[in-house]
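Coordinate analysis (summary)
In case you want the letters, here they are:
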Amino acid sequence: MSKSTSGDFTKTAGWLDWFAGPAKPQFQLPAGAVDAHCHVFGPGAEFPYAPERKYTPCDASKHELFALRDHLGFARNVIVQATCHGADNRAMVDACLASGGKARGVATVKRSVSDEELLQLHSAGVRGVRFNFVKRLVDFTPKDELMEIAARIAKLGWHVVIYFEAVDLPELWDFFTSLPTTVVVDHMGRPDIAKGVDSAEFALLLKFMREHTNVWSKVSCPERLSVTGPKALNGEQNAYQDVVPFARKVVEEFPDRVLWGTDWPHPNLKDHMPDDGLLVDFIPQIAPTAALQQALLVDNPMRLYWAA
Ligand SMILES: O=C(O)c1cc(C(=O)O)oc(=O)c1
């Protein structure tokens, strides 16, 4: 049965709901593992979707997120503000506050945010802001506005999460490299997997991380990036083979600056909805040793999100 969208909302046509009844992962997560990229959607009746949104999802509540966390064996979540909520952080903040210290957040704010609001976000567990440059998700925000926000949140010890597509990195380079904080790239900067791991496009992401030691990357979303699969469905233990060389390269070269997350509830997937249990089983393909797994899943996210 299709999942609902509550309140006065109708799901975007063709919307794929998150996978019900995920498998128990075969991969045993290390103790204290963090799902460092996931979202909550609404519920729309309680936390309305933003008027400026580009899609309307099915509801995906904090209760469902926490149940998934426990089922998969994660200890903690980092809840990233989804663009369907714009700069209204209430659903994300509510989830952080209800988590009993098991969730931190990444917010979206406008230049008009007050210092007091930033402090309230901090005490709810927010430790970063997200700047989004994916044109199908958001309208353009002037760079001077973003830089002003970055300077303000730097004082709180927060970082900036950036979401962009690989083809846009050259034009965003100067802006990204002048950010005054730790900078976390979402989903490896969305490389075009069909171009191969030796492409000039992916080389630019590696250069970005090599030359700028404040830059981290999430090695997440193989289900979004993969062209040839196989899909994380029906017990598949070797999913998304074409993404493995990309993520493994980043994990092995920058073991102290990588994060992993489910991306649940997987907004805007068009082809299939992965089984999140099998997505967890993808991790040892890209982080093959216990030391790499400990850094990726525990030490790095704890340093970035739970240091203070
Ligand atoms: O590729 C996407 O559609 C997507 C969207 C969002 C969001 O709407 O916030 O977040 C993500 O991490 C990925």
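In short, a report on the structure. (Residues numbered from 1 in each chain as written. Predicted model: local features only at pLDDT ≥ 70, side-chain atom pairs only at ≥ 80, totals over all residues. Heavy atoms only, no water.)

The immediate surroundings of the ligand are formed by 16 residues, with Tyr55, Thr83, Arg130, Arg136 and Tyr163 found nearest. Separating an oxygen atom of the ligand from a side-chain N or O atom of arginine 130 is a distance of 2.8 Å. Contacts to the ligand include histidine 187, whose side-chain N or O atom sits 2.9 Å from an oxygen atom. When the free accessible area of the ligand is taken as 330 Å², the share hidden by the protein chains comes to 100%. Looking at side-chain class alone, the shell around the ligand contains five nonpolar, six polar and five charged residues. (Near = heavy atom within 4 Å. Polar contact = N/O pair within 3.5 Å; in protein donor to acceptor, adjacent residues only side chain to side chain. Areas by Shrake-Rupley, 256 points an atom, 1.4 Å probe, with all protein chains shown as cover. Nonpolar A, V, L, I, M, F, W, Y, C, P; charged D, E, K, R; others polar.)

Before going further, it helps to spend a moment on the side chain of arginine 257. When you line up the elements, arginine 257 lands in the loop between helix H8 (244-253) and strand E8 (258-259). This buried residue, arginine 257, is left without a salt bridge; glutamate 253 holds the nearest opposite charge, at 7.1 Å. One polar contact links the side chain of arginine 257 to the main-chain carbonyl oxygen of methionine 209, over a distance of 2.9 Å. A polar side-chain atom of arginine 257 sits 2.7 Å from the main-chain carbonyl oxygen of valine 215. Setting aside chain neighbours within four positions, we find arginine 257 in contact with Met209, His212, Thr213, Val215, Trp216, Ser217 and Asn300. (Helix = DSSP H or I, 4+ residues; strand = E, 2+ residues; numbered from the N terminus. Buried < 20%, exposed > 50% of the residue type's maximum accessible area, 1.4 Å probe, protein only. Lys, Arg positive; Asp, Glu negative; His and termini not counted. Salt bridge = Lys/Arg side-chain N within 4 Å of Asp/Glu carboxyl O. Contact = heavy atoms within 4.5 Å.)

Turning to helix H5 (residues 169-177), a few remarks are in order. Taken as a whole, H5 has its buried residues at Leu169, Leu172, Trp173, Phe175 and Phe176. In the core, the buried residues of H5 are packed alongside strand E4 (126-132), helix H4 (143-154), strand E5 (159-163), strand E6 (183-185) and helix H6 (200-211).

We now examine the pattern of salt bridges. Under the criterion given, the structure shown has 19 salt bridges. Here aspartate 186 and arginine 130 are joined by a salt bridge, their closest N and O atoms 2.9 Å apart. With a gap of 56 residues between them, aspartate 186 in the loop between E6 and H6 and arginine 130 in strand E4 connect regions that are remote in the sequence. An identical accessibility class is assigned to aspartate 186 and arginine 130; each is buried. The salt bridge involving arginine 224 is made with aspartate 263; its shortest N-O contact spans 2.9 Å. With arginine 224 in helix H7 (residues 222-225) and aspartate 263 in the loop between E8 and helix H9 (276-280), this residue pair connects regions lying 39 residues apart in the sequence. For arginine 224, a relative accessible area of 15% gives the class buried.

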